[in-house]
Amino acid sequence: MAADKPNARGPRHVAVIMDGNGRWAQARGRPRLFGHHAGARRVREIVEACPDFGVEYLTIFGFSTENWKRTQIEVAGLMSLFRRYIQKEARALKAENVRVRFIGDRVKLDAKLRGLMDELEEMTEGCTGTNLTIALNYGGRDEVARATKRLACDVANGKLDPESIDEETLPRYLDTCVLPDPDLVIRTSGEARISNFLLWQSAYAEYEFIDTLWPDFTRDIFGELVGNYGGRDRRYGGAKT
Ligand code: IPE
Ligand code: IPE
Ligand code: MG
């Protein structure tokens, strides 16, 4: 395949690892949950900025399969924040024509939260604007394991011929099956790792690791990172021309 030209258009799908809420709160002498609340308040501005920057898909990491290791107080506080976030933002998201989806293993989330997630997905099903995907109890390895289990069931039931399995097969079983792969993955807070986020899907994503803590993230920073992407030359293994 010929090498790609530098991206003439911006990223169609941006994924964000919203990190640094705890440190932001600690720097202010406040409990970690104070940072999570401040972080949640940043989301609306970024969602609203997407159409202006040509971003059609925004995927945000809200809670990882590893985040259960945190204290019971923090985990319970986060779950209550997610419930409140959905209740508070649902109407505005719908009014903004935002189509909301959730990825991750819902089974471990409480019934009330799961109900709100289902409702918001249904409520915004007909929305044709920005596609907002929220990753809750999401882990890339867990997602691949769950996908493999479903794939294996299809093989066992005779629905899938093992000989036909190729690179296109597994993605159809992933939580992200209806989404394009992310073009750009942003991580805030200075950590340069992906922490189990979109492992399969990010094989050829561009990455931006920035020092800003998530509660300080703004539309302008988002715009700058989206703009930087335009200068990058994605070669997908091809040679530079
Ligand atoms: C990211 O912020 C939000 C979640 C993981 C839920 P952190 O809570 O990881 O903040 P730091 O990394 O401890 O500062
Ligand atoms: C990744 O951040 C998960 C979310 C942003 C929801 P973490 O703070 O949990 O990741 P590590 O522990 O630094 O790898
Ligand atoms: Mg963190």
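Quick notes on the rules
Residues numbered from 1 in each chain as written. Chains lettered and ligands numbered in written order. Predicted model: local features only at pLDDT ≥ 70, side-chain atom pairs only at ≥ 80, totals over all residues. Heavy atoms only, no water. Core = buried A, V, L, I, M, F, W, Y, C linked by side-chain atoms within 4.5 Å. Buried < 20%, exposed > 50% of the residue type's maximum accessible area, 1.4 Å probe, protein only. Helix = DSSP H or I, 4+ residues; strand = E, 2+ residues; numbered from the N terminus. Contact = heavy atoms within 4.5 Å. 1 Å grid on protein atoms, 1.4 Å probe; cavity = no way out; pocket = protein on both sides within 12 Å on 5 of 7 lines; lining within 4 Å. Points joined across faces, edges and corners; volume = space filled by probe spheres on them. Near = heavy atom within 4 Å. Polar contact = N/O pair within 3.5 Å; in protein donor to acceptor, adjacent residues only side chain to side chain. Areas by Shrake-Rupley, 256 points an atom, 1.4 Å probe, with all protein chains shown as cover. Sits in = over half its atoms within 2 Å of the grid points. Phe/Tyr/Trp six-rings, centres within 6.5 Å; stacked < 30°, edge-to-face > 60°. Lys NZ or Arg CZ within 6 Å of the ring centre and 35° of its normal. Nonpolar A, V, L, I, M, F, W, Y, C, P; charged D, E, K, R; others polar.

### Some points on the nonpolar core
Nonpolar side chains tend to gather and get buried jointly when the protein is soluble and globular.
At step 1: Counting 42 residues, the largest nonpolar core has Val14, Leu58, Leu132, Leu136 and Phe222 as its most contacted members.
At step 2: It is helix H3 (residues 72-95) that contributes the most residues to this core, nine residues altogether.
At step 3: In this structure Leu132 touches Val47, Leu58, Ile60, Leu93, Val98, Arg99, Val100 and Arg101, once residues within four positions along its chain are discounted.
At step 4: Judged by nonpolar contacts, the second largest core, of ten residues, contains Phe61, Ala135, Val185 and Ala205.

### Some points on empty space enclosed by the protein
At step 1: Per the counting criterion, the structure on display carries one cavity of 30 Å³ or more.
At step 2: Contributing elements (two or more residues each) for the lining of the largest cavity: helix H2 (32-49) and H3.
At step 3: Ranked by residues supplied to the lining of the largest cavity, first place goes to H3 with four residues.

### Observations concerning the site of ligand 2
At step 1: Looking at ligand 2, the residues that line it are Ile17, Met18, Asp19, Phe61, Gly62, Phe63, Asn67, Arg70, Arg187, Arg193 and Ser195.
At step 2: Between ligand 2 and Asp19 there is a distance of 3.2 Å, counted from an oxygen atom to a side-chain nitrogen or oxygen.
At step 3: In isolation ligand 2 exposes 390 Å². Once the protein is present, 78% of that is buried.
At step 4: Spatially, ligand 2 is embedded in the largest pocket.

### Overview of the environment of Glu168
At step 1: Turning to its location among the elements, Glu168 is positioned in the loop between helix H5 (140-156) and strand E5 (184-187).
At step 2: Its relative accessible area of 55% is what places Glu168 among the exposed residues.
At step 3: When the C-alpha positions of Glu168 and Asp19 are compared, they lie 31 Å apart, and in sequence the two are 149 residues distant.

### Some words on the packing of aromatic side chains
At step 1: Taken as a whole and judged by the stated rule, the model has eleven aromatic pairs.
At step 2: Aromatic pair Phe217 and Phe222: ring centres 6.3 Å apart, planes at 65 degrees, arrangement edge-to-face. Here Phe217 and Phe222 have matching classes, each one buried.
At step 3: Chaining the aromatic ring pairs together yields one cluster made of Phe53, Trp214, Phe217 and Phe222.
At step 4: Above the face of the Trp24 ring, Arg28 is positioned so that its terminal group lies 3.9 Å from the ring centre.
At step 5: If you follow Arg30 out to its NZ or CZ, it ends over the ring of Phe34, 4.0 Å from the centre.

### Description of the site of ligand 1
At step 1: In the neighbourhood of ligand 1, 13 residues make up the surrounding shell, with Asp19, Gly22, Arg23, Arg32 and Arg70 lying closest.
At step 2: One of the side-chain N or O atoms of Arg23 is found 2.7 Å from an oxygen atom in ligand 1.
At step 3: Here an oxygen atom of ligand 1 sits 2.6 Å away from a polar atom, N or O, in the side chain of Arg70.
At step 4: The fraction of the free accessible surface of ligand 1 (380 Å²) that becomes covered by protein chains is 87%.
At step 5: Spatially, ligand 1 is embedded in the largest pocket.
At step 6: At the level of elements, helix H1 (21-26), H2 and H3 are the ones that each hand at least two residues to the shell around ligand 1.
At step 7: Element by element, the count of residues in the shell around ligand 1 is highest for H1, at three residues.
At step 8: Split by residue class, the shell around ligand 1 holds two nonpolar, six polar and five charged.

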